[in-house]
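Spelled out, the chains give:
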Amino acid sequence: MNFLVYLGIIILLPLYAQFKVKSTYNKYSKVRSTSGMTGAQVARLILDHNGLQDVKVVETQGVLSDHYNPVTKIVALSSQNYHEASVAGTAVAAHEVGHAIQDKEAYSFLRVRHRLAPVAGITSNASWFFIMAGLIFSSMNSLLGIGIVMMAVGVVFQIVTLPVEFNASSRAMTQIVQLGIIRNEEEPHAKKVLSAAAMTYVAAAAVAVLELLRLVTIFLNRD
């Protein structure tokens, strides 16, 4: 692959994904949901409907900082989504509850991602010390190989994240439609919010795979 093309992909793709998710979220966070339910109320309703009364819904600081913690059994929603009744907030809240439902049902990819997370966090950061040393000193190609193996753990984590996120979004749409939280005309809007958010994970995985392949090519060419 031409280096300029490669550089363009790893820089522009994540930037586009971030722009897309922010612009889509900002647009539909201003569209009030017909249900009039806040994100916190949406999350609580779906959780209770799925027998997850033990999972708490709390407010967290930041923008688009929403997440589900499988250890503490907490759905954390950013302040705007927690308090306001918008199409975007409804979609995001339902998505995070989708992860809680995955946890309850022992969804395999969620379990794998949860186990990989601490290892991937360490190896992904440490890998660059080996990679940089291996790239600078061509005689120390073994260090590059170690760095590549460590980076591969992080890449696997990124790839495993994709089905987890797509499945959570699918569950979210099913729940908000079946429970009558959104009307038919709101479905396309909610899907746009979830699709834009998913794009950030796709971009991250694509960049990670490309970077890994580039380093593997360098390593093999040296041999």
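Numbering of residues starts from 1 in each chain and follows the order in which that chain's sequence is written. Given that the model is predicted, a residue must reach a pLDDT of at least 70 before its local features are reported, and side-chain atom pairs must reach 80 or more before they are shown or counted; all residues, however, enter totals for whole chains, interfaces and linings. Note that water and hydrogens are dropped before the side-chain values are worked out from all heavy atoms of the structure.

A. The arrangement of the side chain of R171 in detail. Segments assigned H or I by DSSP are reported as helices when at least four residues long, segments assigned E as strands when at least two residues long, and all are numbered from the N terminus. Secondary-structure assignment places R171 in helix α6 (residues 141-178). Judged by its relative accessible area of 18%, R171 is buried. To sort residues, take the accessible area from a 1.4 Å probe on protein chains only and compare it with the maximum for the residue type: under 20% means buried, over 50% means exposed, and anything in between is partly exposed.

B. Representation of helix α2 (residues 39-49) in the model. All of the buried residues in α2 are G39, A40, V42, A43, I46 and L47. Buried residues of α2, seen end-on, are gathered within an arc of 160° and therefore sit on one face of the element. Pairs of residues are marked as contacts when any of their non-hydrogen atoms sit within 4.5 Å. Next to the buried residues of α2 lie β1 (56-60), β3 (74-78), α3 (79-83), α4 (87-104) and α6. Two residues or fewer past α2, G51 is found with a positive phi of approximately 70°. The directions from the helix axis to the C-beta atoms are what the arc is built from.

C. Seen up close, unusual backbone geometry. Look at L64: it is not a glycine, yet its phi comes out positive at around 55°. Structurally, the position occupied by L64 is in the loop between β1 and β2 (67-69).

D. Up close: the packing of aromatic side chains. In this scheme Phe, Tyr and Trp rings, the latter by its six-membered ring, pair at centre separations within 6.5 Å, and the angle between planes marks the pair as stacked below 30 degrees, edge-to-face above 60, and tilted otherwise. This model, assessed by the stated rule, comprises one aromatic pair. Measuring from centroid to centroid gives 5.9 Å for Y107 and F109, while their planes differ by 55°, and the two rings are tilted. Accessibility expressed as a relative area gives 37% for F109, which makes it partly exposed. Whether a charge sits over a ring comes down to the Lys NZ or Arg CZ being within 6 Å of the ring centre and within 35 degrees of the ring normal. We note R171 situated over the ring of Y107; from NZ or CZ to the ring centre the distance is 5.6 Å.

E. Looking closely at the pairing of β3. Burial within β3 is extensive, with four of its five residues counted as buried. Any two strands between which DSSP finds at least two bridges are classified as paired. Sheet topology note: the β1/β3 ladder contains five bridges and is parallel. Note on β3: the bridge partner recorded for E59 is L77. Pairing analysis gives three bridges linking β2 to β3, with the strands arranged antiparallel.

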